[in-house]
Amino acid sequence: MLRVAVIGTGMIGRDHIRRMSTVLSGVRVTAVTDVDAAAATQVAASIGATVHATGEDLIADAEVDAVVVCSWGPTHEQYVLAAIAAGKPVFCEKPLATTQEACLRIVEAEAAYGSRLVQVGYMRRYDVAYRALKKVVDSGDIGAPLMMHCAHRNASVPGFYEKESAITDTAVHEIDMVRWMFGEEIAAARVLIPRKSPNGGPLQDPLLLILEMTSGILVDVEISVNIRYGYDIRGEVVGSDGTAALGSLEPVSVRRSAQVHSPVPADWRERFLLAYDVEFQEWIDSIAGGGAPLGPSAWDGYAAAVVSDAGVEALRTGSRVSVTLAPQPALYQSLAVTS
Ligand SMILES: NC(=O)c1ccc[n+]([C@@H]2O[C@H](COP(=O)([O-])OP(=O)(O)OC[C@H]3O[C@@H](n4cnc5c(N)ncnc54)[C@H](O)[C@@H]3O)[C@@H](O)[C@H]2O)c1
């Protein structure tokens, strides 16, 4: 039984604790911590876990085999580095860290350690529809991939959501997904600004992010974060001999009064519920016997941060911004971006 400890018992931390405690197998959440001690104590009591005063204490606990980091983004670096120093597997919710320099420090620490310990929470790679789409692309059935059209639509976003969040919080999932989908890096980013939605308040909403892959594949991502009608994730790959798109996920379609009605997920939790379950079960299974995690790596977290920065610069300047990555340590070279 893998003994997992969770840093950060906020919204997603509690959700991951729920799935590890009641849905998944081979795992037990044995310790938690949060700067909000009352929140940590309440969660710990509900599952019979220990509460630690700090993340560092929790990582040092000999009764903890692996760590899940669900605290605020700016705190991720310190906990991931501490877990690497302790030689413990660490699952870090995205982002790996909030700057590309911090992500690179993590990459370098893990490379110096010599084997993989870090996995980053990019759950789309575990979604049944994305996996089916990648299978078609990899099979060659639609020929050479040339373009991908994506849409990332949120019904609404919270008040603290900023202009850059459209890239750094929202489109960052597409940034990771297309690197994995095509098994190659992103070479440049551009942002086009359409007519402004009256629903977006001070935000420039929607945006169109254009990503150039190293092979020349062009990806466009519509980012609409006040679309009102629901949470709608789309993706279609255009190949030289055909196209393949994410399938319809609606569990029911109702026809009445001369109309067809199908439900749309309310938010990302509903849409990716099962992807998170698969993501965590595969993580647990991969590290349970002392193995290395197989999912998104520290390098993937670093690459997403660099592309995200390029996207933010493109948004600010209106220019095409090239992506330059640091030399890739040997540890990640065999992984390409396909794991
Ligand atoms: N993969 C995804 O789709 C996805 C979805 C939601 C959130 N996230 C990521 O998960 C992380 C948490 O998001 P959330 O929505 O749960 O936020 P949240 O604010 O609900 O929870 C964060 C918790 O971390 C605690 N915390 C902050 N600093 C801490 C520290 N130094 N040590 C211990 N605890 C600390 C806070 O008190 C809070 O309880 C963010 O990085 C976010 O980007 C990822």
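Right above here is the structure, for reference.
The model shown is predicted, which means the values in this text are computed figures rather than measured ones.

The subject of this paragraph is the sheet that holds strand E10 (residues 218–224). Whether parallel or antiparallel, the strands of a sheet pair through hydrogen bonds between backbone atoms. In space, the 7 strands of this open sheet follow the order E12-E11-E7-E10-E9-E8-E15, with mixed pairing throughout. The outermost strands of the open sheet, each flanked by one partner alone, are strand E12 (243–245) and strand E15 (321–322). Bridge count for strand E9 (residues 207–213) against E10 is 6 bridges, and the pairing is antiparallel. Paired with Leu208 across the two strands is Glu222, which belongs to E10.

Here we take up a nonpolar patch on the surface. A cluster of nonpolar residues, Leu146, Met147 and Leu218, forms a patch on the protein surface that exposes about 230 Å² of accessible area. Of note, Met147 is situated in strand E7 (residues 145–153).

Below, the discussion takes up the site of the ligand. Lining the immediate environment of the ligand, one finds 23 residues, of which Met11, Ile12, Asp34, Trp72 and Tyr276 sit closest. His76 places a side-chain nitrogen or oxygen 3.3 Å from an oxygen atom of the ligand. At a separation of 3.3 Å, a nitrogen atom of the ligand approaches a polar backbone atom of Gly121. Elements supplying a minimum of two residues to the shell around the ligand: helix H1 (11–23) and helix H4 (76–86). By residue class, the composition of the shell around the ligand is 11 nonpolar, 9 polar and 3 charged.

Bringing the sheet that holds strand E2 (residues 27–33) into the picture now. Pairing is parallel in the open sheet, where 6 strands are placed in the order E3-E2-E1-E4-E5-E6. The open sheet is flanked by strand E3 (50–51) and strand E6 (118–121), the only strands paired with a single partner. As defined by bridge partners, strand E4 (residues 66–69) adjoins strand E5 (residues 90–93) across 3 bridges and the pair is classed as parallel. Looking at E5, one finds that Val69 is bridged to Cys92. Here H4 sits on the sheet and contacts strand E1 (2–7), E4, E5 and E6; the angle it forms with E5, its principal contact strand, is near 170°.

Moving on: the pattern of salt bridges. Inspection of the entire model under this criterion finds 23 salt bridges. A salt bridge links Asp15 to Arg19; the nearest nitrogen and oxygen atoms lie 3.2 Å apart. In this pair, Asp15 and Arg19 are both assigned in helix H1, 4 residues apart and thus about one turn of the helix distant. By relative accessible area, Asp15 is classed as buried at 16%.

Let us now look at the pairing of E10. The pairing of E7 with E10 spans 7 bridges and is parallel. Within the sheet, the bridge partner assigned to Cys150 lies in E10 and is Val221. Adjacent in sequence and paired antiparallel, E9 and E10 are bridged by 4 residues, among which Gly216 carries a positive phi angle near 105°.

Looking at the element boundaries, His52 is found in the loop between E3 and helix H3 (55–60). On the basis of relative accessibility, which here comes to 16%, the residue His52 falls in the buried class. Those residues within four positions of His52 in sequence are excluded, and the remaining contacts are Ala31, Val32, Thr33, Asp57, Leu58 and Asp61.

Right, let's talk about the layout of surface pockets for a bit. Taken as a whole, the second largest pocket spans an internal volume of roughly 720 Å³. Along the wall of the second largest pocket there are 27 residues; nearest its centre are Ser248, Leu249, Glu250, Pro265 and Arg271. Only strand E11 (232–239), helix H8 (268–271) and helix H9 (273–288) provide two or more residues apiece to the lining of the second largest pocket. Its residues placed into classes, the lining of the second largest pocket shows 17 nonpolar, 4 polar and 6 charged.

Of note, Lys134 is situated in helix H6 (residues 128–139). A polar contact is formed between the side chain of Lys134 and the backbone oxygen of Met181, at a distance of 3.4 Å. Ignoring sequence-local partners within four residues, the contact set of Lys134 consists of Trp180 and Met181.

Turning our eyes to something else, we now look at the packing of helix H7 (residues 165–182) against helix H10 (residues 298–317). Taken N-terminus to C-terminus, the directions of H7 and H10 make an angle of 125°; their axes are 9 Å apart at the nearest point. Accordingly, the angle class assigned to the pair H7 and H10 is oblique. The element H7 and its partner H10 pack so that their crossing is right-handed. Note on element contacts: H10 touches H7 through Trp299, Asp300, Ala303, Ala304, Val307, Ser308, Gly311, Val312 and Leu315, opposite Ile167, Thr168, Val172, Ile175, Asp176 and Arg179. Residue composition of the contact of H7 with H10, by class: 9 nonpolar, 3 polar and 3 charged.

Following the sequence through the fold, Leu192 ends up in strand E8 (residues 186–192). Owing to a relative accessible area of 47%, Leu192 belongs among the partly exposed residues under this scheme. Considered as a pair, Leu192 and Leu207 are 15 residues apart in the sequence and their alpha carbons are 6.2 Å apart. When sequence neighbours within four positions are dropped, the list of residues in contact with Leu192 reads Leu207, Leu208 and Ile210.

Scanning the entire structure with this criterion turns up 7 aromatic pairs. Geometrically, the ring pair formed by Phe91 and Phe280 is tilted, given 4.4 Å between the ring centres and 40° between the ring planes. In this pair, Phe91 sits in strand E5 while Phe280 sits in helix H9, placing the two residues 189 residues apart along the sequence. Each member of the pair, Phe91 as well as Phe280, is classed as buried. Plain terms: the ring middles of Phe280 and Trp283 are 6.0 Å apart, the flat faces sit at 75° to each other, and that makes the pair edge-to-face. Taken together, the positions of Phe280 and Trp283, both in helix H9 and 3 residues apart, correspond to about one turn of that helix. When sorted by exposure, Phe280 lands in the same class as Trp283, which is buried. Connected via pairs of aromatic rings, a cluster forms that spans Phe91, Phe280 and Trp283.

Cut-offs used in this document
Residues numbered from 1 in each chain as written. Predicted model: local features only at pLDDT ≥ 70, side-chain atom pairs only at ≥ 80, totals over all residues. Heavy atoms only, no water. Pairing = 2+ DSSP bridges. Helix = DSSP H or I, 4+ residues; strand = E, 2+ residues; numbered from the N terminus. Patch = residues over 30% accessible without salt bridge, like charges linked within 9 Å, V, L, I, M, F, W, Y side chains within 5 Å. Areas by Shrake-Rupley, 256 points an atom, 1.4 Å probe, with all protein chains shown as cover. Salt bridge = Lys/Arg side-chain N within 4 Å of Asp/Glu carboxyl O. Near = heavy atom within 4 Å. Polar contact = N/O pair within 3.5 Å; in protein donor to acceptor, adjacent residues only side chain to side chain. Nonpolar A, V, L, I, M, F, W, Y, C, P; charged D, E, K, R; others polar. Contact = heavy atoms within 4.5 Å. Axes fitted to C-alpha atoms, helices over the stretch in contact; angles between N-to-C directions. Buried < 20%, exposed > 50% of the residue type's maximum accessible area, 1.4 Å probe, protein only. 1 Å grid on protein atoms, 1.4 Å probe; cavity = no way out; pocket = protein on both sides within 12 Å on 5 of 7 lines; lining within 4 Å. Points joined across faces, edges and corners; volume = space filled by probe spheres on them. Parallel < 35°, antiparallel > 145°, perpendicular 65-115°, else oblique. Left-handed = near helix turned anticlockwise from the far one by under 90°. Phe/Tyr/Trp six-rings, centres within 6.5 Å; stacked < 30°, edge-to-face > 60°.

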